Every structure is written in C-alpha cells, then in structure tokens.
Amino acid sequence: MEYMAIIKVDKNKCIGCGMCISLYPDFFKMGADGKARTTNGAKDIDENKVKEIVASCPAAAIKKTSDDSS
Ligand code: F3S
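These notes cover the structure that comes with them.

Here is what the cut-offs are and how they apply
- Residues numbered from 1 in each chain as written.
- Predicted model: local features only at pLDDT ≥ 70, side-chain atom pairs only at ≥ 80, totals over all residues.
- Heavy atoms only, no water.
- Helix = DSSP H or I, 4+ residues; strand = E, 2+ residues; numbered from the N terminus.
- Buried < 20%, exposed > 50% of the residue type's maximum accessible area, 1.4 Å probe, protein only.
- Contact = heavy atoms within 4.5 Å.
- Near = heavy atom within 4 Å.
- Nonpolar A, V, L, I, M, F, W, Y, C, P; charged D, E, K, R; others polar.
- Core = buried A, V, L, I, M, F, W, Y, C linked by side-chain atoms within 4.5 Å.

1. What to know about the environment of C14
Then step 1. Turning to its location among the elements, C14 is positioned in the loop between β1 (7-9) and α1 (19-23).
Then step 2. We classify C14 as buried; its relative accessible area is 9%.
Then step 3. C-alpha separation for the pair C14 and R37, spaced 23 residues apart in sequence, amounts to 9.4 Å.
Then step 4. Setting aside anything within four residues of it in sequence, one finds C14 in contact with V9, K35, A36 and A61.

Structure below.
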C-alpha cells in the first residue's frame, strides 16, 4: 500500500529555514539537500492543524495534498 501524505514540501520553494522542523518535529525533518521533507508521521493530521502548518512556512513551500497521486 502506498504511503498517503496530506502535507508535502515543495523543494523548489523551500529555503531550508527550518521553521517547520522546529515547530513540528514530528512531521518534518531536514534532508541532506538542506530542504525539509515530511516524515512518516505526517499523516492523519487534523484539518486545522494542516492549515496552521501550511501557514507556518515563510516561503509557502508546504502544501496540502489529499493523496499521493501526484
Ligand atoms: Fe522549508 Fe518552509 Fe520548512 S522554507 S524548512 S518548508 S518552514
């Protein structure tokens, strides 16, 4: 079964500021490329929390996604 994420980091937009990682260490980690990525814990997140998370990124790199079809 495919992993279904509901938040994603757009690597082209992420500036590696680390805000998401300090605020939500359960959901994000820093990749070797200096860009954030979501962890396996980044699923089944409350809708309001998702909005908060998306709004927390100064580079607007965090996107909500309902499935992994992209
Ligand atoms: Fe990148 Fe935004 Fe996180 S710039 S490190 S996705 S807060």
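2. Focus: the site of the ligand
Then step 1. Among the 13 residues in the neighbourhood of the ligand, the closest are listed as C14, I15, G18, C20 and C57.
Then step 2. Looking at the shell around the ligand residue by residue, the classes come out as 11 nonpolar, 2 polar and no charged.

3. Some details on the nonpolar core
Then step 1. Counting residues in hydrophobic clusters, the biggest one holds 16 residues, and the most contacted among them are I7, F27, F28, I45, I53 and I62.
Then step 2. The set of elements that each furnish at least two residues to this core consists of β1 and α2 (47-56).

Read these as layout, nothing more, since geometry by itself doesn't imply function.
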